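# A structural walkthrough
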Amino acid sequence: MADAALFEFLHTEMVAELGAHHSDPGPGVSAGVWGEKVGSGGGQKMSLSVLEGMGFRVGQALGERLPQETLAFREELDILKFLCRDLWVAVFQKQMDSLRTNHQGTYVLQDNSFPLLIRMASGLQYLEEAPKFLAFTCGLLRGTLCILGIKSLVTASVASLPTCKFQVVIQKT
Amino acid sequence: MAVCVAVIAKENYPLYIRSIPTENELKFHYMVHTSLDVVDEKISAMGKALVDQRELYLGLLYPTEDYKVYGYVTNSKVKFVMVVDSSNTALRDNEIRSMFRKLHNSYTDVMCNPFYNPGDRIQSSRAFDSMVTSMMIQVC
């Protein structure tokens, strides 16, 4: 039971730490987490993409470790189902609540009580802050898809906490 | 006991290749390269046959007079190729499967290493190297 809390606390600290750098009132340009220059305007975008990058690398590692012994993915939909069931259970101890598709490469994954948002609020409070807390998870989904052979673009949207939707658009090469 | 072990990335370039008689390495490199075609054939054949249980272990890819080549593919399309001495008849299918399973577990550990970038050559992992050494034949 306590294991879930460890990741939630780490994630909260990550968002706080990476978000703090952009609001730092330094002399114009300050050094970012990775040593590159971070301007105060582009700072938030930089920290979101850093978070997304971290999620991507974790997703790649999970995509290698989680699938079982058999070559179970016969088509794209199987991989998305794996994300909704096995990946979500491994990371958040629950399954995704709904998966919808337009059968043309776009999937919408909806979680009605997303564990990283559920501690914050229930309703419309903190709606502007929510995207920061979803960047890592978007990267996680993108990384797992990438390692399983699907290039994609993942975005997240929140209408009201703690329900959030992840939109996965498969890039056709 | 393997004579040569190779890990090939999804894009068909080698991530790790090591063979035991270290002179004549090129011969094993060529063998692994030619076996990639057979691996691709097996993977696409598996896709068409609507078999429910598709295995990661591909089995014997092709036998030559001195060596036998075995293959294994992961869910992320990373291929493991193992060349085994033909004269060692005591080596059964089960043992090859367990060697591949150990390889897969070690490869997964390498992937989870934060200092490893996926797609790079597996150079600095001592754990992986020692696992492969334990699988290779002892040549005095």
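Definitions and cut-offs
- Residues numbered from 1 in each chain as written.
- Chains lettered and ligands numbered in written order.
- Predicted model: local features only at pLDDT ≥ 70, side-chain atom pairs only at ≥ 80, totals over all residues.
- Heavy atoms only, no water.
- Helix = DSSP H or I, 4+ residues; strand = E, 2+ residues; numbered from the N terminus.
- Buried < 20%, exposed > 50% of the residue type's maximum accessible area, 1.4 Å probe, protein only.
- Contact = heavy atoms within 4.5 Å.
- Areas by Shrake-Rupley, 256 points an atom, 1.4 Å probe, with all protein chains shown as cover.
- Salt bridge = Lys/Arg side-chain N within 4 Å of Asp/Glu carboxyl O.
- Pairing = 2+ DSSP bridges.
- pLDDT = per-residue confidence, 0-100.
- Axes fitted to C-alpha atoms, helices over the stretch in contact; angles between N-to-C directions.
- Phe/Tyr/Trp six-rings, centres within 6.5 Å; stacked < 30°, edge-to-face > 60°.

This brings us to the overall build of chain B. The helix and strand tally for chain B stands at three helices and five strands. Starting at the N terminus and ending at the C terminus, chain B contains elements arranged as β-β-α-β-β-β-α-α. Residues classed as buried in chain B amount to 46% of the 140 residues present. Restricting the contact set of chain B to residue pairs at least 6 apart, pairs at least 24 apart contribute 56%. Surface accessibility of chain B: about 7500 Å² in total, with carbon and sulfur atoms responsible for 53%.

Applying the stated criterion across every chain yields a total of ten salt bridges over all chains. Lys-132 of chain A is the partner of Glu-129 of chain A in a salt bridge, and the nearest nitrogen-oxygen pair spans 3.2 Å. The exposure class assigned to Lys-132 of chain A is partly exposed, which follows from its relative accessible area of 21%. With its nearest N and O atoms 3.3 Å apart, the salt bridge here joins Asp-93 of chain B to Arg-97 of chain B. In this pair, Asp-93 of chain B and Arg-97 of chain B are both assigned in helix α2 (residues 93-112), four residues apart and thus about one turn of the helix distant. Sharing partners across several salt bridges, the network here consists of Lys-94, Asp-97 and Asp-111 of chain A.

A word on the pairing of strand β4 (residues 67-73) of chain B. The side chains of a regular strand alternate, residue by residue, between the two faces of the sheet. All names here are of chain B. Burial within β4 is extensive, with six of its seven residues counted as buried. Of the strand pairs in this sheet, strand β3 (residues 57-63) and β4 are connected by five bridges, and their pairing is antiparallel. Among the inter-strand pairings, Tyr-57 is bridged to a residue of β4, identified as Tyr-72. Note: β4 against strand β5 (residues 79-85), seven bridges, orientation antiparallel. Within the sheet, the bridge partner assigned to Tyr-67 lies in β5 and is Asp-85. Hairpin connection, β4 to β5: the antiparallel pair is bridged by five residues, and Lys-77 has positive phi, about 65°.

Overall, the prediction assigns chain A a mean pLDDT of 83, with 84% of residues at 70 or greater. Taken as a whole, residues 25-40 of chain A scores under 50 in pLDDT and shows 19 contacts with residues more than four places along the chain or in a different chain.

Residues and elements named next belong to chain B. If you walk across this open sheet you meet the five strands as β2-β1-β5-β4-β3, and the pairing is antiparallel. The open sheet has two edge strands, β2 (14-19) and β3, and neither has a second partner. Across the sheet, the mean angle from the axis of one strand to that of its neighbour is 15°, orientation sign disregarded. Here six bridges tie strand β1 (residues 2-8) to β5, and the two strands are oriented antiparallel to one another. Across the sheet, Ile-8 pairs through a bridge with Lys-79, a residue of β5. Packing against the sheet, α2 makes contact with β1, β2, β3, β4 and β5, and its axis sits at approximately 140° to β5. Taken strand by strand, helix α3 (residues 126-135) contacts β1, β2 and β5, and its axis lies near 40° from that of β2.

Let's shift gears to the sheet that holds strand β6 (residues 163-170) of chain A. Residues and elements named next belong to chain A. Across the sheet, which stays open at both edges, the four strands sit in the order β3-β4-β6-β5 with antiparallel pairing between neighbours. This sheet does not close on itself; its edge strands, each paired only once, are β3 (98-101) and β5 (152-160). Here the average twist between neighbouring strands, direction ignored, is 20°. In terms of strand pairing, β5 meets β6 through eight bridges, oriented antiparallel. The residue of β6 that forms the bridge with Ser-152 is Ile-170. Its contacts with the sheet place helix α3 (residues 76-92) against β3, β4 (106-111) and β6, and it is angled at close to 15° to β4. Running at roughly 150° to β5, helix α5 (residues 130-147) makes contact with β4, β5 and β6 of the sheet.

Quick look at the packing of aromatic side chains now. Scanning all chains against the criterion turns up 13 aromatic pairs over all chains. Centre to centre, the rings of Trp-88 of chain A and Phe-166 of chain A are 5.7 Å apart; their planes meet at 70°, and the pair counts as edge-to-face. With Trp-88 of chain A in helix α3 and Phe-166 of chain A in strand β6, the pair connects residues that are 78 residues apart, well separated along the chain. Here the two residues Trp-88 of chain A and Phe-166 of chain A agree in accessibility, since each one is buried. Between Tyr-57 of chain B and Phe-100 of chain B the ring centres are 5.9 Å apart and the planes differ by 55°, which places this aromatic pair in the tilted class. Taken as a pair, Tyr-57 of chain B in strand β3 and Phe-100 of chain B in helix α2 lie far apart in primary sequence, 43 residues in all.

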